[in-house]
Amino acid sequence: MDKNIAILAGDGIGPEVMQSAISVLDAISDKYGHSFIYTKALVGGAAYEKYQNHLPQDTIEICKKSDAILFGSVGGPVTEQTNPKWKNCETNSILAIRKEFNFNINLRKATIYPNLVDLSPLKNSLIPNGLDIVILRELLGDIYFGEHYLGNKNGSRFASDIAEYSEEQILSIARYAFDVARLRTKKVVSVDKANVMATSKLWREIVSEVAKEYPDVECSDMLVDNCAMQLVRNPSQFDVILTANLFGDILSDELSVLSGSIGMMPSISLNASGFGLYEPAGGSAPEIAGKNIANPIAQILSASMMLSYLFNLQKEAQAIEHAIKTTIMQGFGTLDLKDAVKVVLGTKEFTKEVIKNIL
Ligand code: NAD
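Cut-offs applied
Residues numbered from 1 in each chain as written. Predicted model: local features only at pLDDT ≥ 70, side-chain atom pairs only at ≥ 80, totals over all residues. Heavy atoms only, no water. Core = buried A, V, L, I, M, F, W, Y, C linked by side-chain atoms within 4.5 Å. Buried < 20%, exposed > 50% of the residue type's maximum accessible area, 1.4 Å probe, protein only. Domains from an automatic or database assignment. Contact = heavy atoms within 4.5 Å. Helix = DSSP H or I, 4+ residues; strand = E, 2+ residues; numbered from the N terminus. Pairing = 2+ DSSP bridges. Axes fitted to C-alpha atoms, helices over the stretch in contact; angles between N-to-C directions. Parallel < 35°, antiparallel > 145°, perpendicular 65-115°, else oblique. Left-handed = near helix turned anticlockwise from the far one by under 90°. Patch = residues over 30% accessible without salt bridge, like charges linked within 9 Å, V, L, I, M, F, W, Y side chains within 5 Å. Areas by Shrake-Rupley, 256 points an atom, 1.4 Å probe, with all protein chains shown as cover. Salt bridge = Lys/Arg side-chain N within 4 Å of Asp/Glu carboxyl O. Lys, Arg positive; Asp, Glu negative; His and termini not counted. Charge placed at Lys NZ, Arg CZ, Asp CG, Glu CD. Nonpolar A, V, L, I, M, F, W, Y, C, P; charged D, E, K, R; others polar. Near = heavy atom within 4 Å. Polar contact = N/O pair within 3.5 Å; in protein donor to acceptor, adjacent residues only side chain to side chain. 1 Å grid on protein atoms, 1.4 Å probe; cavity = no way out; pocket = protein on both sides within 12 Å on 5 of 7 lines; lining within 4 Å. Points joined across faces, edges and corners; volume = space filled by probe spheres on them.

Core analysis: the biggest nonpolar cluster contains 68 residues, and Leu70, Leu107, Leu136, Tyr176, Leu307 and Ile324 have the highest contact counts within it. Composition of this core by domain shows at least three residues from each of domain 1 (1-104 + 262-359) and domain 2 (121-258). Apart from the residues lying within four places of it in its own chain, the contact partners of tyrosine 176 are Ile105, Leu107, Leu136, Ile268, Leu270 and Tyr309. Judged by nonpolar contacts, the second largest core, of 22 residues, contains Val117, Leu122, Ile133 and Val189.

Structure follows, in structure tokens:
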């Protein structure tokens with residue numbers, strides 16, 4: 001298979017962990033006979049240095065000509081945010097690219113490997129076999145995009161935010177969630193607040209209609225307050241969580257702390273036509289950049305999800321996931337995992353061990 005991949009490594013640890021993902025993809029293409037053609041483009045502070053723009057048109061054009069975008073991370077040190085190179089860097093890069101490509105779906109995957117359960121803030125007894133959960137959050141509807149009012153009414157201060165959802169918006173993410181569930185354990189929990197909100201009532205109605213198109217996938221509904229509680233009480237009950245923009249914003253952050261290191265959480269942003277951006281959920285970690293200590297797992301898993309969910313290369317994606325798990329089970333890890341692994345390796349050295357384990 002020939003695929004064109006736009007490589008937007010960005011800033012901080014982005015270029016280092018991106019190199020790990022490319023080395024793993026190269027090992028996969030050698031082993032399985034594919035050709036991944038990479039076109040590098042600048043984004044974030046790295047782009048600002050050349051273009052005085054965090055998301056230059058040249059980069060957008062390269063993305064448009066590619067089958068997928070593999071993204072690193074952007075942004076500078078939190079103490080240097082007034083420097084024009086870093087000012088609004090994340091907003092100008094990430095929100096702009098979301099807007100440019102109309103990304104309406106965000107997916108994050110939280111994995112806890114069985115021998116890293118001590119890193120999780122959850123009790124070991126709750127996750128004896130580790131954890132593997134995917135959350136899908138709608139990105140372009142809900143209370144963030146309706147009308148906002150901040151002012152006065154009847155002589156006192158007043159504010160309102162309008163939540164809106166169309167049938168098409170819900171259909172698009174619901175179908176994608178069920179497609180993802182088919183690649184996993186075929187179980188979707190749809191999270192809403194249908195006991196109160198009209199948008200949630202519509203959400204629940206449409207999700208139940210979509211569920212009928214996927215009779216092989218088990219689907220249940222859960223209220224968001226209960227879901228927030230269940231994620232820390234009994235997280236193993238979840239496989240795919242499907243939810244709206246506001247609830248997804250909160251629940252995906254809750255989920256991101258469960259694995260114990262932000263360096264292990266991959267993420268996808270997609271539009272209705274399936275075009276997408278694959279990236280680690282974390283930031284550019286400038287304080288550890290250039291030291292060969294960053295955890296490359298989130299970036300490598302982002303590449304693996306691109307193979308599985310976009311290119312339908314299931315064997316290849318499983319080979320990557322298996323190689324990461326084996327490397328961790330062999331006792332290797334990067335510095336952020338030091339409290340749970342036997343041998344701490346640098347980013348490059350850890351990546352080499354992962355590549356050795358690709359079967
Ligand atoms: P961050 O995610 O970069 O770092 C938070 C903590 O996690 C730090 O201690 C960091 O060292 C650690 N960390 C993150 N990724 C790691 C990895 N792969 N391996 C080991 N440790 C890792 O968040 P922050 O410090 O709040 O932000 C730093 C910069 O990143 C800011 O400029 C911010 O705007 C930007 N940012 C970018 C994105 C993105 O590109 N998607 C997301 C969030 C933050």
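Right, let's talk about the pairing of strand 10 (residues 240-243) for a bit. Going residue by residue along strand 10, you find Val240 and Leu242 tucked away on one face and Ile241 and Thr243 tucked away on the opposite face as well. Relative to strand 10, strand 5 (residues 131-138) runs parallel, the two being bridged by four bridges. If you follow valine 134 over to strand 10, its bridge partner there is valine 240. Bridge analysis of strand 8 (residues 187-192) against strand 10 gives four bridges, and the strand direction is parallel. Residue pairing in the sheet places valine 189 in a bridge with isoleucine 241 of strand 10.

Attention now goes to the environment of leucine 139. Within the element layout of this structure, leucine 139 appears in the loop between strand 5 and strand 6 (148-153). In this structure leucine 139 comes out as buried when scored by relative accessible area, which is 5%. Separated by 34 residues in the primary sequence, leucine 139 and isoleucine 173 place their C-alpha atoms 9.4 Å from one another. Filtering out sequence-adjacent residues up to four positions away, leucine 139 remains in contact with Arg98, Phe103, Asn104, Ile105, Asn106, Phe145, Asn245 and Ser269.

Moving on, we come to unusual backbone geometry. A positive phi angle is found at glutamine 52, which is not glycine, with a value near 55°. Within the secondary structure, glutamine 52 is located in the loop between helix 2 (45-51) and helix 3 (57-64). Accessibility expressed as a relative area gives 54% for glutamine 52, which makes it exposed. The backbone of asparagine 154 shows a phi angle near 50°, a positive value even though the residue is not glycine. Within the secondary structure, asparagine 154 sits in the loop between strand 6 and strand 7 (156-161). A relative accessible area of 77% means that asparagine 154 is categorised as exposed.

Their axes nearest at 10 Å, the elements helix 1 (residues 14-32) and helix 11 (residues 347-356) cross at an angle of 20°. For the element pair helix 1 / helix 11, the angle class is roughly parallel. Crossing handedness for the pair helix 1 and helix 11: right-handed. On helix 11, the residues that touch Glu16, Val17, Ser20, Ser23, Val24 and Ala27 of helix 1 are Thr347, Thr351, Val354 and Ile355.

Here we take up a negative patch on the surface. Together, Glu167, Glu168, Glu205 and Glu209 line one region of the surface with negative charge. Mapped onto the negative patch, the elements with two or more residues apiece are helix 5 (167-182) and helix 6 (198-213). Its location among the elements puts glutamate 167 in helix 5. On the basis of relative accessibility, which here comes to 43%, the residue glutamate 167 falls in the partly exposed class.

Okay, the packing of helix 9 (residues 297-310) against helix 10 (residues 314-329) next. Interaxial distance between helix 9 and helix 10 falls to 7 Å at its minimum, and their mutual angle equals 160°. Classified by the angle their axes make, helix 9 and helix 10 are roughly antiparallel. In the crossing of helix 9 with helix 10, the sense of the turn from one axis to the other is left-handed. Packed against helix 9, whose contacting residues are Ile297, Ile300, Leu301, Ser304, Leu307 and Ser308, the element helix 10 presents Gln314, Glu316, Ala317, Ile320, Glu321, Ile324 and Ile328 at the interface. Looking at the contact of helix 9 with helix 10 residue by residue, the classes come out as eight nonpolar, three polar and two charged.

In the vicinity of the ligand there are 21 residues, among which Gly76, Glu90, Gly283, Ala285 and Glu287 approach most closely. Note that an oxygen atom of the ligand is positioned 3.1 Å from one of the backbone N or O atoms of serine 284. Take alanine 285: an N or O atom from its main chain is 2.8 Å from an oxygen atom of the ligand. Within the complex, the protein chains bury 72% of what would otherwise be the 800 Å² of accessible surface of the ligand. Taken together, the residues of the shell around the ligand sort by class into eight nonpolar, nine polar and four charged.

Let's shift gears to the layout of surface pockets. Put simply, the largest pocket is a space of about 850 Å³. Looking at the largest pocket, it is lined by 38 residues, and the ones nearest its centre are Glu90, Ile94, Leu95, Arg98 and Arg108. Contributions of two or more residues to the lining of the largest pocket are made by strand 3 (68-73), helix 4 (89-100), strand 4 (105-112), helix 8 (245-258), strand 11 (266-270) and strand 12 (276-280). Considering every element that reaches the lining of the largest pocket, the biggest residue donor is helix 4, with seven residues. Looking at the lining of the largest pocket, its residues break down into 14 nonpolar, 16 polar and eight charged. Domain assignment of the residues forming the lining of the largest pocket places at least three in each of domain 1 (1-104 + 262-359) and domain 2 (121-258). For the second largest pocket, the calculated volume is near 350 Å³.

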